[in-house]
Each structure stands twice: as C-alpha cells, then as structure tokens.
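Chain and residue survey
Here is what each chain is made of, one letter per residue.
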Amino acid sequence: MRAWGSAHYRACAGALRRLAATPLATLLNIVVIGIALALPMAFYVVLENARGMASDYSPQPELSLFLAPEASAADIKVLELRLKNHAGLASYRFVPKAQALEQLKSRAGLGDVAAGLPQNPLPDAFIVAARDSSSAALETLRAEFAAWPKVAEAHVDSDWVRRLDGLISIGRYAVLMLAAVLAFALVAITFNTIRLQILTQRDEIEVAKLIGATDGWIQRPFLYFGALAGAAGGITAWLLTAAGLLVFNNQLKPLAALYGLPLQLSHLNWSDSVYALAIAVVLGWFGAWLSVRRHLSAQNPR
Amino acid sequence: MTQIMLSGVSKRYPGGHDALSDITLTVETGELVLVTGHSGAGKSTLLKLMAAIERPTAGSVLVNGQNIGTLRARGIPFLRRNFGLVFQDHKLLFDRSVFENLMLPLDIGGFDRREGARRARAALDKVNLLHKEKARPITLSGGEQQRLCIARAIVHRPAVLLADEPTGNLDSDYAAGIGRLFAEFNQVGVTIVLATHDTLLAELLAPRQIVLRDGRLQS
Ligand SMILES: Nc1ncnc2c1ncn2[C@@H]1O[C@H](COP(=O)(O)OP(=O)(O)OP(=O)(O)O)[C@@H](O)[C@H]1O
Ligand SMILES: [Mg+2]
C-alpha cells in the first residue's frame, strides 16, 4: 500500500517536472485551455446573472387592469366586487392614479418629468395576482378582464419576464453547445500535447514495457499531466472570466447609477466554480488517456 | 520453478520471412543454455519468443505451463518481471544517469526507493560500474554500456536471465568476468539462456548448447 502510494506520488511529481521542463510550451497550453474554457464560462455567468435578475424583479406574474378615465367611484366599487367574487384570483389591490403618480415621482430620474406634467395622465388601476400563473391561464383572464366595462386595458405584467425566460433557456442550449464544442477542443489539445510528450519519451515507454511495466504504470504520469494541465487551464479560465467581469462591471457602473439598478454581474458561486474545475480536470485527463491508450495498444506483441 | 517449453514453434515475421521453423526444446529450471548459430539464424527471435516480445505464428511457448502465445496483454508485464533481459541493442535510456537506469526495473516492480537504491548499487558493483553511478550512459564505452545492460537485467533478481549477445562488445578479460558472473548466478539457481557468437563463453561455461541454422535446430 505504501509502495502504491509512493508510486502515485512519484508519477505526480514526474508530471509536474514535465510541466516545468518546458515552461513556455506549458504556459501556452494552459492559456489555450483557459481561453477555451473561459468562453462558455463567461457566457454561463451572464446567463446566470440574467436569470437572477429576472426572478428578483418578478416573483409572481401579475395582471394590470387600467380603468377608463371616466370611471367613477361607483364604477370602481362594482369592479372591485366582481374581482372579490372571482374564483380565479389569489389577490388584488387597487392603485389610485394619485398613488401611481407618487410612485412614478419616486423613481430615480423620472421625478422631474412627472413634476412637469400639467395634470395626472395616469389611470386608476387594479393589480391582480392569479391563482394559476401559467401563461395560458393568464391570457384567458386578461381577455376576460379586457371585456369588462370601464376597463380600458388589461395586460400581463410578466410578459417581459417570460420573454427573458425564453431567451435564457435558448441561451442555455447555446452555452451547452458551445461548451460541448470547446470541451472537444480541450480534449484535442491535451491529446496532442500528450502525443508530443509520448514521442519524446517513446524510448522510455518501450523499455519500461519490455521489462515488465504495466500499461497503468506507464500511463500514470501522462494522466496526471493531463489532469494538471486541465486544472491549470480551469483556474486560468476562472481568472480570465473574473478579469472580464471586473472590466465589464466598471463599464456598467455609470449606467447602473443612471437607472438606479444594481446592475453588477457576479462571478460563479463556489460550487459552480468547483464543478467547472472538476470538468476541466476530467477533460484533460480524458484527452491524455485517449492519447496514451492509442500509443500503448500499438505496442503489444503480435 | 521456471521451466520454458517450446513445441513445434515457428515464427514468420510480417513480410513472409521464416525466422524460426518447427523448434521443439525445453529449458529446465536452473539450467544454463547457450544458443549459437550464424548471424540471422534466429537466436534473438528465439529469446524474444520466450519473453513474449514476439508471439509464435505456430506451435506453443509455455513458461511455467502458461501458454505465452495466448496470454492476454495485461498478463504480459507480470510474466516479464520473472525475466532479466539483456538486449542485443542494449536499450539503455540516455536521458538519465546510470543509477536511474538501474532504478527503472525496481520502480516498475514497486520497490521501496531506499531498498531499491541499495540493490542498484550492489548490481553496479557486480559489473564494476559503481564509480560511474552518476554518469550518463552516452558517456560510457561500448563495453561499459553492455555491463550496465547486464546490471539492469539482474537488479530485480529475476528467476530467468535471457541474454542476447551479452559479451558482444567486451574484450576477452571482461567477457570472462561476465562469464564467471553468469556462472555465479546459475549456481544460486537462476535459469540462464544466452545467445552468443562468443566461443570463449562456451569454453568457460561448458553449457548445454543449442545450435540454430536458418531458423532450424541443428544437433
Ligand atoms: N522485426 C523483424 N521483422 C522482420 N524480419 C525480422 C525481424 N527481426 C528479425 N527478422 C529476421 O529474422 C531472421 C532472424 O533474426 P534474428 O534477429 O533472430 O537473428 P540472430 O540469430 O539474432 O542474428 P544476429 O546474430 O545477427 O543477432 C533474420 O533473417 C532477420 O532478418
Ligand atoms: Mg540477434
């Protein structure tokens, strides 16, 4: 057992020595792997942030019923009663036009605009939350409310959220495809790196095999090398993404201040970072494995 | 216990050349056997068949009753660890020191490094190369390289030594020294198969001889 452990330790140390023996080639390799991984990583980060914002801004889709300007207090009472007795609603609240104007004024940047208006242009409104928030159910409700008297217009507030959700799920597919293509590239990169290493060490491999080394023993340092290169590439990708976010967030700052929105993208959380690193390690290992298998099986006696 | 049994063995290399035809022979445990014959007679091929470096095209090669011809690839390394191999073309590694060359079979066998280092030095001492421990093999003379190759073959104390022209580059003094070394090993029970042109070894060791001629046994 101790011999086994020390054999692994030596294989790992050997792999590190090989990485250090050709510093420039190693560095370039790691950067290439890093860039290949940084692309889907950055894309994923943007998506995750967009998803986070979408769910922050609208926890539950709502319907807005804008009343006709001539609607009287009595009309409003009638409407309120109909809403109260409606089986499909979870809750409703009335927003008088004065309150709506106040809200508008308190929004950053729009206060001046609202103050300059000669009269309140906003209608009274009911904000309604449905029991069933599927888009089909919401659409049925919307059509129903729009037909009610004194209701000028009804619409589903979460339309943009749904559109964003749709976009995000398309984006996820795009990330997956991009990741698949670049994972393939990563495997190809390590495959080729290991192939070159094998070429420079073919004598050692041949002799080792002739005097009784198992394939596992011969493979081990190459597999460690692949895994280490993958890990270094993964860390590089994480740092590249972090640098990209830093620059991007700085650019975003004035814009965010203008709209009073917390428009700052955050990096992968810890568990996602660990996953990404693990994937990089596995891919590097796999590329090395493919390469070394191909070489070793060509050396068996015939 | 390591008996090597060949029955009806032929080897045809890709390209159609018959290197060996219908060889039947047995090397008993603890025996010392000399394989001689002209250049191209098939001596190296015979040794390679015994170590599963080549597979026979016909017949069977049994080592301890195990058929090498049908041995699965993953079983071969463990078979080879019973052998010490001296290659005709040495197969030394020039990117590392003499000492590290000797450590290779020990690392492969999973030896403890410290115990391994002790054995490596003992083997170097046996072939009079202890003072070259840190040298690179490329800086060694032909004879020294040959002795290093012998040291590497015996360092893990194999049960069988398969030596292909182990004295090819040595002058008669050294060749005699190597011959005595082989005799010593043989005395402690190591089975030895030597392929050689060297008549000196034959005189010194007075072994059983196998003579090959164009890939056939001659007796
Ligand atoms: N890998 C190979 N492919 C094709 N032919 C081969 C191969 N190895 C050996 N041969 C042929 O097989 C025959 C026997 O070769 P072998 O090396 O066994 O001879 P040998 O007795 O060891 O000769 P020498 O004394 O010169 O070392 C030779 O004719 C050689 O050309
Ligand atoms: Mg030969």
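Residues numbered from 1 in each chain as written. Chains lettered and ligands numbered in written order. Predicted model: local features only at pLDDT ≥ 70, side-chain atom pairs only at ≥ 80, totals over all residues. Heavy atoms only, no water.

We now examine the coordination of the magnesium ion (ligand 2). Residue and element names in this part refer to chain B. With distances of 1.9 to 2.2 Å, the protein atoms coordinating the magnesium ion (ligand 2) are Ser44 (OG) and Gln88 (OE1). Of this pair, serine 44 sits in helix 1 (residues 43-50) while glutamine 88 sits in the loop between strand 6 (83-86) and helix 3 (98-108), and the two are 44 residues apart along the sequence. We classify serine 44 as buried; its relative accessible area is 18%. (Donors = N, O, S within 2.8 Å, 3.2 Å for Na, K, Ca; no water. Helix = DSSP H or I, 4+ residues; strand = E, 2+ residues; numbered from the N terminus. Buried < 20%, exposed > 50% of the residue type's maximum accessible area, 1.4 Å probe, protein only.)

Before going further, it helps to examine the pairing of strand 4 (residues 58-63) of chain B. Residues and elements named next belong to chain B. Looking at chain direction, strand 1 (residues 4-12) and strand 4 are connected through five bridges and run antiparallel. Pairing of isoleucine 4 across the sheet is with valine 63, part of strand 4. In the sheet, strand 4 pairs with strand 5 (residues 66-67) via two bridges, with the strands oriented antiparallel. Note that in strand 5 the partner of valine 63 across the bridge is glutamine 66. The turn joining strand 4 and strand 5, which pair antiparallel and follow one another in sequence, is formed by two residues; a positive phi near 55° is taken by asparagine 64. (Pairing = 2+ DSSP bridges.)

Further remarks concern the sheet that holds strand 1 (residues 62-67) of chain A. Residue and element names in this part refer to chain A. Reading across from one edge, 2-3-1-4 is the order of the four strands in this open sheet, with antiparallel pairing throughout. For this open sheet the edge positions go to strand 2 (89-95) and strand 4 (151-156), each flanked by a neighbour on one side alone. Along the sheet, successive strands turn relative to each other by an average axial angle of 20°, direction set aside. For strand 1 and strand 3 (residues 125-130), the ladder comprises five bridges, and the chain directions are antiparallel. (Axes fitted to C-alpha atoms, helices over the stretch in contact; angles between N-to-C directions.)

Our focus in this paragraph is the domain arrangement of chain B. All names here are of chain B. Domain boundaries assigned for chain B yield domain 1 (1-82 + 158-219) and domain 2 (92-157). A separation of 23 Å is found between the C-alpha centroids of domain 1 and domain 2. Here domain 1 packs against domain 2, burying approximately 1200 Å² in sum over the two surfaces, 66% of which is carbon and sulfur. In terms of residue count, helix 6 (residues 172-187) provides more of the side of domain 1 that touches domain 2 than any other element does, six residues in total. By residue class, the composition of the side of domain 1 that touches domain 2 is 10 nonpolar, three polar and three charged. (Domains from an automatic or database assignment. Buried area = accessible area lost by both parts, 1.4 Å probe. Nonpolar A, V, L, I, M, F, W, Y, C, P; charged D, E, K, R; others polar.)

Its domain assignment divides chain A into domain 1 (2-57 + 162-299) and domain 2 (62-157). For domain 1 of chain A versus domain 2 of chain A, the distance between C-alpha centres works out to 52 Å.

Another point: the site of ligand 1. Residue and element names in this part refer to chain B. The local shell around ligand 1 holds 14 residues, among which Ser39, Lys43, Ser44, Thr45 and Gln88 are the closest. A distance of 2.6 Å is found between an oxygen atom of ligand 1 and a side-chain nitrogen or oxygen belonging to serine 39. Contact distances for ligand 1 include 3.5 Å between an oxygen atom and a side-chain N or O atom of histidine 197. Considered on its own, ligand 1 offers 630 Å² of accessible surface; in the complex 66% of this is hidden by protein. Looking at which element gives the most residues to the shell around ligand 1, the answer is helix 1, with three residues. By residue class, the composition of the shell around ligand 1 is three nonpolar, nine polar and two charged. (Near = heavy atom within 4 Å. Polar contact = N/O pair within 3.5 Å; in protein donor to acceptor, adjacent residues only side chain to side chain. Areas by Shrake-Rupley, 256 points an atom, 1.4 Å probe, with all protein chains shown as cover.)

Looking now at the environment of Ile33(A). In this structure, Ile33(A) sits in helix 2 (residues 23-57). Beyond its immediate chain neighbours, meaning those up to four positions away, Ile33(A) contacts Leu186(A), Ile189(A), Thr190(A), Ala229(A) and Gly233(A). (Contact = heavy atoms within 4.5 Å.)

Now for a nonpolar patch on the surface. All names here are of chain A. A cluster of nonpolar side chains, contributed by Leu27, Val31, Ile35, Leu39 and Leu240, occupies part of the molecular surface with about 430 Å² of accessible area. No other element matches the four residues that helix 2 contributes to the nonpolar patch. Inspection of the secondary structure puts isoleucine 35 in helix 2. According to the relative accessible area criterion, isoleucine 35 is partly exposed, its value standing at 44%. (Patch = residues over 30% accessible without salt bridge, like charges linked within 9 Å, V, L, I, M, F, W, Y side chains within 5 Å. Salt bridge = Lys/Arg side-chain N within 4 Å of Asp/Glu carboxyl O.)

Residues and elements named next belong to chain B. The four strands are arranged 2-1-4-5 in an open sheet whose pairing can be described as antiparallel. Unpaired on one side and paired on the other, strand 2 (18-27) and strand 5 mark the two borders of the sheet. Bridging between strand 1 and strand 2 involves six bridges; their strand directions are antiparallel. Following the sheet pairing, leucine 6 is matched in strand 2 by leucine 25. Each of strand 1, strand 2 and strand 4 is contacted by helix 1, which is oriented at about 60° to strand 2, the strand it contacts most.

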